[in-house]
Amino acid sequence: MSAKALSHLAREVSRRTLAGPGDGRGAARIIVNDRIDVALSESTGGVHLGERSLPVDQARRLVESRLKAAPQTQPPPKIFLLGVSCHSLEGAISAADNGADYIFFGPIFATASKAGMGEPQGTANLAEVCRSVAIPVLAIGGITLENAATCIAAGATGIAAIRLFQDAPDPAAVVKGLRQRTA
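What you see is a predicted model; the values in this text were computed from it and never measured. (Residues numbered from 1 in each chain as written. Predicted model: local features only at pLDDT ≥ 70, side-chain atom pairs only at ≥ 80, totals over all residues. Heavy atoms only, no water.)

A. Region of the structure containing the side chain of His87. Here His87 lies in the loop between strand S3 (81-86) and helix H4 (89-97). Look at His87 and you get buried, because its relative accessible area is 16%. A distance of 2.6 Å separates a polar side-chain atom of His87 from the backbone oxygen of Gly106. (Helix = DSSP H or I, 4+ residues; strand = E, 2+ residues; numbered from the N terminus. Buried < 20%, exposed > 50% of the residue type's maximum accessible area, 1.4 Å probe, protein only. Polar contact = N/O pair within 3.5 Å; in protein donor to acceptor, adjacent residues only side chain to side chain.)

Here it is as structure tokens:
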């Protein structure tokens with residue numbers, strides 16, 4: 001997607017999401033995948049960086065310089081999160097040490113959408129990453145209703161999923177099922 005189209009999409013999603021009634025659990029946060037320029041220009045809640053993205057320490061410097069340059073007449077900017085996808089213990093430690101606010105770690109289980117990211121890491125590696133960093137770790141890759149609780153038991157703060165929600169005839173029921181199984 002072009003930067004122009006993604007900016008329009010981010011702006012529209014932000015407008016619709018932030019205008020919604022909400023459920024009382026906190027404000028929605030729009031995180032833009034890989035495009036820090038779009039995330040900053042549209043004042044979203046953050047950016048999620050991949051392995052081939054701008055390194056997190058450089059992204060952090062860019063965010064901080066932008067915030068310092070903001071006119072003092074505006075209210076303080078909201079928190080801007082920097083997330084990083086990691087596929088090894090070393091990558092997770094590096095991301096945390098270099099300023100990431102959270103990590104997606106995986107793929108935990110086999111999945112077609114993450115096949116190019118290497119072999120499944122499994123919950124033992126997930127647990128080691130969770131013990132080794134002081135920032136939230138979300139499990140990603142092959143997450144199902146049946147295995148989500150094992151990720152939480154391994155120490156993950158949460159899960160991220162594509163197919164689990166994309167293929168669901170009732171995504172709200174999936175969320176309810178996840179809450180029941182991971183509580």
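B. Molecular detail of the pairing of strand S4 (residues 102-105). Residues Tyr102 and Phe104 of S4 are buried on one face, and the alternating residues Ile103 and Phe105, pointing to the opposite face, are buried as well. Read as a crossover between parallel neighbours, the route from S3 over H4 to S4 is right-handed. With three bridges joining them, S4 and strand S5 (residues 137-140) adopt parallel strand pairing. Note on S5: the bridge partner recorded for Ile103 is Val137. (Right-handed = clockwise from strand over helix to strand, strands pointing away. Pairing = 2+ DSSP bridges.)

C. Highlighting the pattern of salt bridges. Evaluation of the coordinates by the stated rule reveals seven salt bridges. Linking Arg15 and Glu12 is a salt bridge whose minimum nitrogen-to-oxygen distance equals 2.4 Å. On the criterion of helical spacing, the pair formed by Arg15 and Glu12 is a turn pair, its members being three residues apart in helix H1 (residues 3-19). Taking the relative accessible area as the measure of exposure, Glu12 reaches 23% and is therefore partly exposed. Arg61 is the salt-bridge partner of Asp57, the closest N and O atoms lying 4.0 Å from each other. (Salt bridge = Lys/Arg side-chain N within 4 Å of Asp/Glu carboxyl O.)

D. Structural view of the environment of Ala112. Tracing the backbone shows Ala112 in the loop between S4 and helix H5 (122-132). Considering only alpha carbons, one finds Ala112 and Gly142, 30 residues apart in sequence, at a separation of 8.2 Å.

E. Representation of the pairing of strand S2 (residues 46-49) within the structure. Here S2 shows two buried faces, one formed by Gly46 and His48 and the other by Val47 and Leu49. Judged from the three bridges that link them, strand S1 (residues 31-33) and S2 form a sheet pairing that is parallel. Across the sheet, Asn33 pairs through a bridge with His48, a residue of S2. Here four bridges tie S2 to S3, and the two strands are oriented parallel to one another. Following the sheet pairing, Val47 is matched in S3 by Leu82.

F. View of the packing of aromatic side chains. In this structure the tally under the stated criterion is one aromatic pair. A centroid spacing of 5.7 Å and a plane angle of 50° characterise the contact between Tyr102 and Phe104, whose relative ring orientation is tilted. As far as burial versus exposure is concerned, Tyr102 and Phe104 are alike and both buried. (Phe/Tyr/Trp six-rings, centres within 6.5 Å; stacked < 30°, edge-to-face > 60°.)

G. Quick look at helix H8 (residues 171-182). A rise of 1.5 Å per residue sets the reference length of H8, with its twelve residues, at 16 Å; its end C-alpha atoms lie 16 Å apart and thus fit the reference within 8%. Within the sequence span of H8, burial applies to Val174, Gly177 and Leu178. Buried residues of H8, seen end-on, are gathered within an arc of 100° and therefore sit on one face of the element. Exposed and facing more than 90 degrees away from the buried side of H8 are Ala172, Lys176 and Gln180. Taken together, the buried residues of H8 touch helix H6 (148-153), strand S6 (158-160) and helix H7 (163-166). (Expected span 1.5 Å × (residues − 1). Arc of directions from axis to C-beta. Contact = heavy atoms within 4.5 Å.)

H. View of the nonpolar core. Judged by nonpolar contacts, the single largest core of 39 residues is most densely connected at Leu82, Ile103, Phe105 and Leu126. Among all residues touching Ile103, those that are not within four sequence positions of it are Val84, Cys86, Ala92, Ala95, Val133, Ile135, Pro136, Val137 and Leu138. Counting residues in hydrophobic clusters, the runner-up holds five residues, among them Tyr102, Phe104, Ile140 and Ala160. (Core = buried A, V, L, I, M, F, W, Y, C linked by side-chain atoms within 4.5 Å.)

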